[in-house]
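What the coordinates show
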Amino acid sequence: MVTARYNDAFYSHVLFTVGKSDYRRLGRGLLDFDGHGVFSNDGKWMATDTYPDPLWERKLMVLRMSDQAVLPLGIFFVAGELRKHTRAAICIRAWRPDGRMLAFNSVHEGSRQVYVIDIADSQR
């Protein structure tokens, strides 16, 4: 999966197979932004994030691959001086092997930290 220009969208999350022309836009247009996608170990889910929007909010969400449903996990606001840092974007780090939790970096509480979010309820 890459984020790239796809048809009329400047950025889309696009799934493809190396060496083939089977490009497929993910999320039915709801993922038309630049982000970092990470698949769960079983391939049933993809987590992704956004860069700060004009209000300096960054979003974390998951895509259920079976039906392309996009489920929000959280919105994280970047305040004041932290906006000057180039590493202020959310960055997904890893899924827990059983797929129930997701680790990500963020600066929303004033310093760069690694956070873990329980997403088991989102997966039902």
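Figured I'd write up the structure that's included with this text. Residue indices follow the written sequence of each chain, beginning from 1 at its first position. Per-residue local features of the predicted model are confined to residues with pLDDT of at least 70, and side-chain atom pairs are confined, for both listing and counting, to 80 or more; whole-chain, interface and lining totals are unaffected and use all residues. Heavy atoms from the whole structure form the basis of all side-chain values; hydrogens and water molecules are not counted.

In this section: the overall build of the protein chain. A run of DSSP states H or I qualifies as a helix once it reaches four residues; a run of E qualifies as a strand once it reaches two. Both are numbered from the N-terminal end. Scanning the protein chain from N- to C-terminus turns up zero helices and ten strands. In sequence order, the protein chain lays out its α and β elements as β-β-β-β-β-β-β-β-β-β. With C-alpha atoms as the basis for the radius of gyration, the globule rule is written as 2.2 Å multiplied by the number of residues raised to the power 0.38. Its C-alpha atoms give the protein chain a radius of gyration of 15 Å, near enough to 14 Å, the size a compact globule of 124 residues would have. Considering only C-alpha atoms, the protein chain reaches an extent of 45 × 35 × 25 Å along its principal axes. Residue contacts are defined here by distance: any two heavy atoms, one from each residue, within 4.5 Å place the two residues in contact. Counting contacts in the protein chain only where the partners sit at least 6 residues apart, residues at least 24 apart contribute 32% of the total.

All right, on to the side chain of Arg 58 then. Relative to the assigned elements, Arg 58 resides in strand β6 (residues 57–64). Buried, partly exposed and exposed residues are distinguished by accessible area as a fraction of the type maximum, computed with a 1.4 Å probe on protein chains only: under 20%, between the cut-offs, and over 50%, respectively. Asp and Glu are treated as the negative residues and Lys and Arg as the positive ones, with His and the ends of the chain left uncounted. By definition here, a salt bridge exists when the distance from a side-chain nitrogen of Lys or Arg to a carboxyl oxygen of Asp or Glu is within 4 Å. Buried Arg 58, no salt bridge; nearest opposite-charge side chain is Asp 49, N-O distance 7.8 Å.

Within 6.5 Å between ring centres, the rings of Phe, Tyr and Trp (the latter by its six-membered ring) count as paired, and their orientation is classed by plane angle as stacked under 30 degrees, edge-to-face over 60, tilted in between. Evaluated as defined, the whole model comprises four aromatic pairs. Note on Phe 76 and Phe 104: the rings are 5.2 Å apart at their centroids and 50° apart in plane angle, and the pair reads as tilted. Of this pair, Phe 76 sits in strand β7 (residues 69–77) while Phe 104 sits in strand β9 (residues 101–106), and the two are 28 residues apart along the sequence. Residue classification places Phe 104 among the buried residues on the basis of a relative accessible area of 3%. Among the aromatic residues, those joined into a ring-pair cluster are Phe 76, Phe 104 and Tyr 115.

Quick look at the sheet that holds strand β8 (residues 91–95) now. Pairing between sheet strands relies on hydrogen bonds along the backbone, with the strands arranged either parallel or antiparallel. In space, the three strands of this open sheet follow the order β8-β9-β10, with antiparallel pairing throughout. In this open sheet, the two strands that pair with only one neighbour each are β8 and β10 (113–118). Strand after strand, the sheet turns through a mean of 25° between neighbouring axes, direction not considered. Following DSSP output, two strands are said to pair if at least two bridges run between them. Inspection of the sheet shows β8 paired to β9 by four bridges, in the antiparallel sense. Note on β9: the bridge partner recorded for Ile 92 is Phe 104. Axis definition: a line fit to C-alpha positions, over the contact stretch in the case of helices; interaxial angles, taken between N-to-C directions, run 0 to 180 degrees.

The next subject is a nonpolar patch on the surface. Among the surface-exposed residues, Val 2, Phe 16, Val 18 and Tyr 23 lie close enough to one another that they form a single nonpolar patch of about 390 Å² accessible area. With respect to the element layout, Tyr 23 can be found in the loop between β2 (9–15) and β3 (24–25). For Tyr 23, a relative accessible area of 48% puts it in the partly exposed group. To count toward a patch, a residue needs a relative accessible area over 30% and no salt bridge; like charges are then connected within 9 Å, while nonpolar side chains (Val, Leu, Ile, Met, Phe, Trp, Tyr) are connected within 5 Å. Every accessible area reported is derived by Shrake-Rupley at a probe size of 1.4 Å, with residue values counting cover from the shown protein chains alone.

A separate point is the sheet that holds strand β1 (residues 2–6). Read across the sheet, three strands follow the order β1-β2-β3 without closing on themselves; strand pairing throughout is antiparallel. Unpaired on one side and paired on the other, β1 and β3 mark the two borders of the sheet. Relative to β2, β1 runs antiparallel, the two sharing four bridges. Its bridge partner being in β2, Ala 4 is matched across the sheet by Ser 12.

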